[in-house]
Amino acid sequence: MRTPLSYVLLCLGAALLAVVLGGAARAQEAPAPFPPVAPVTSMSQPAEPRASAGPSELEAGPLEAALNGDQSSSAMKVALGLTLLSLIPGLLLTATCFARILIVLGFLRVGLQVPNLPPTQVLVGLAFFLTLMAMQPTLDPIQKDALEPFVADEIGVKEALTRAEKPWRAYLLEHTRRRSLDSFVELAAVEVSAPEDVPLRVLVPAFVVSELTTAFEMGAAILIPFLVIDLVVASVLLSMNMIMLPPATVSVPAKVLLFVSIDGWQVIAGTLVKSAL
């Protein structure tokens, strides 16, 4: 009687033998005929000459032609779109009122003494949409004069960027403090005859510093009423000899109740949008 191991080995040997015999039988069969080959033209026939590239094609490559508006290929548009998508976070933080709105909302959360309410994601989303509302007068000319003609292949990349820069530069100049602008012009050691001639590498940091200054001023104005509530609550508790009761236990509900009663979110959102227009 065979053991199970020997039985398995016998089956494997039989299968291997069957495979070898099948391969040998297939090798002895007649090979299939080759497919017909197309006739080869005579080598003596002269090849048709290719049209030589013109001087314009040799001088200007595809990148320069696409930039100048001669040809706007889909590949160039895709590359430009990906580049703009990678620059959107930086532009959103430095060339819009997004930083001002987000900082003021952060000051509001500090004043209410609720560090986790509303959640950070909610504040960032609110700041983003308030930024879109405030930047709408600037974004509309960019879309009409630069983006739509470029998508319709009416202008090139350079012309689209030039048209988009004009309303954006006007917005930056309008919301940049003259003291900050003069300071950065002096730091960059550039000579300009008018604020409109300031390069963007100087104008953008001046705008960011101005936005930070404005945001901290608005944040201080928001914190003052909450500070008064804290002082009043602490004085009342001290006069009642309730030393063991933390003032925040009473002041936080009082702040939230006062903020909700005056429709604080509507007031803050409206003020932020109007200040950034």
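From a predicted model like this one, the values you see are computed outputs, not experimental measurements.

1. Regarding the overall build of the protein chain
Logical step 1: Helix and strand counts for the protein chain come out as eleven helices and zero strands.
Logical step 2: Helices (α) and strands (β) of the protein chain occur, in sequence order from the N terminus, as α-α-α-α-α-α-α-α-α-α-α.
Logical step 3: With 277 residues in all, the protein chain has 26% of them scored as buried.
Logical step 4: Total accessible area computed for the protein chain in this model is approximately 19100 Å², and 69% of it derives from carbon and sulfur atoms.

2. Quick word on the side chain of T176
Logical step 1: With respect to the helices and strands, the residue T176 is situated in the loop between α7 (157–174) and α8 (178–188).
Logical step 2: The contacts of T176, once residues within four sequence positions are left out, are L181, L203, A206, F207 and S210.

3. Overview of helix α10 (residues 247–261)
Logical step 1: The end-to-end C-alpha distance of α10 is 21 Å, a good match for the 21 Å that 15 residues give at a rise of 1.5 Å each.
Logical step 2: The inward-facing, buried residues of α10 contact α5 (98–112), α9 (200–239) and α11 (264–276).
Logical step 3: The first or second residue beyond α10 is D263, which carries a positive phi of 55°.

4. Observations concerning the confidence of the model for the protein chain
Logical step 1: Confidence along the protein chain averages 75 in pLDDT terms, with 71% of residues attaining 70 or more.
Logical step 2: Within the protein chain, no element has a lower average pLDDT than helix α2 (residues 55–59), which sits at 43, and none a higher one than α5, at 90.
Logical step 3: Every residue in residues 1–5 scores below 50 in pLDDT, and together they form one contact with partners more than four places removed in sequence or on other chains.
Logical step 4: A low-confidence stretch, residues 40–44 (pLDDT under 50), is modelled with zero contacts involving residues beyond four sequence positions or located in other chains.

5. Describing the pattern of salt bridges
Logical step 1: Under the criterion given, the structure shown has six salt bridges.
Logical step 2: Here R169 makes a salt bridge to E165, at a shortest N to O gap of 2.8 Å. Of this pair, R169 and E165 both sit in helix α7, four residues apart, which is roughly one turn of that helix.
Logical step 3: Classification of R169 by relative accessible area gives buried; the value is 14%.
Logical step 4: A salt bridge links R177 to E217; its shortest N-O distance comes to 3.1 Å. Separated by 40 residues along the polypeptide, R177 in the loop between α7 and α8 and E217 in helix α9 bring together distant segments of the chain.
Logical step 5: Since its relative accessible area comes to 27%, R177 is described here as partly exposed.
Logical step 6: For E217, a relative accessible area of 44% gives the class partly exposed.

6. Some remarks on the packing of helix α6 (residues 120–151) against α11
Logical step 1: Two elements in contact, α6 and α11, have axes separated by 9 Å at closest approach and are oriented at 45°. Classified by the angle between their axes, α6 and α11 sit oblique to one another. As α6 runs across α11, the sense of the crossing is right-handed. Contact residues: α6 offers L123, L130 and A134, while α11 offers W265, A269, V273 and A276.
Logical step 2: A class-by-class count of the residues in the contact of α6 with α11 yields seven nonpolar, no polar and no charged.

7. So, the packing of aromatic side chains
Logical step 1: Going through the model one piece at a time under the given rule, you end up with four aromatic pairs.
Logical step 2: Summarising the aromatic geometry, the rings of F107 and F216 are spaced 5.2 Å apart at their centres and angled 80° between planes, so their arrangement reads as edge-to-face. Linking F107 in helix α5 with F216 in helix α9, this pair joins segments that are 109 residues apart in sequence.
Logical step 3: Accessibility expressed as a relative area gives 48% for F216, which makes it partly exposed.
Logical step 4: Centre to centre, the rings of F128 and F129 are 5.4 Å apart; their planes meet at 80°, and the pair counts as edge-to-face.
Logical step 5: Given the relative accessible area of 54%, F129 is considered exposed.

What counts, and where the lines are drawn
- Residues numbered from 1 in each chain as written.
- Predicted model: local features only at pLDDT ≥ 70, side-chain atom pairs only at ≥ 80, totals over all residues.
- Heavy atoms only, no water.
- Helix = DSSP H or I, 4+ residues; strand = E, 2+ residues; numbered from the N terminus.
- Buried < 20%, exposed > 50% of the residue type's maximum accessible area, 1.4 Å probe, protein only.
- Areas by Shrake-Rupley, 256 points an atom, 1.4 Å probe, with all protein chains shown as cover.
- Contact = heavy atoms within 4.5 Å.
- Expected span 1.5 Å × (residues − 1).
- pLDDT = per-residue confidence, 0-100.
- Salt bridge = Lys/Arg side-chain N within 4 Å of Asp/Glu carboxyl O.
- Axes fitted to C-alpha atoms, helices over the stretch in contact; angles between N-to-C directions.
- Parallel < 35°, antiparallel > 145°, perpendicular 65-115°, else oblique.
- Left-handed = near helix turned anticlockwise from the far one by under 90°.
- Nonpolar A, V, L, I, M, F, W, Y, C, P; charged D, E, K, R; others polar.
- Phe/Tyr/Trp six-rings, centres within 6.5 Å; stacked < 30°, edge-to-face > 60°.

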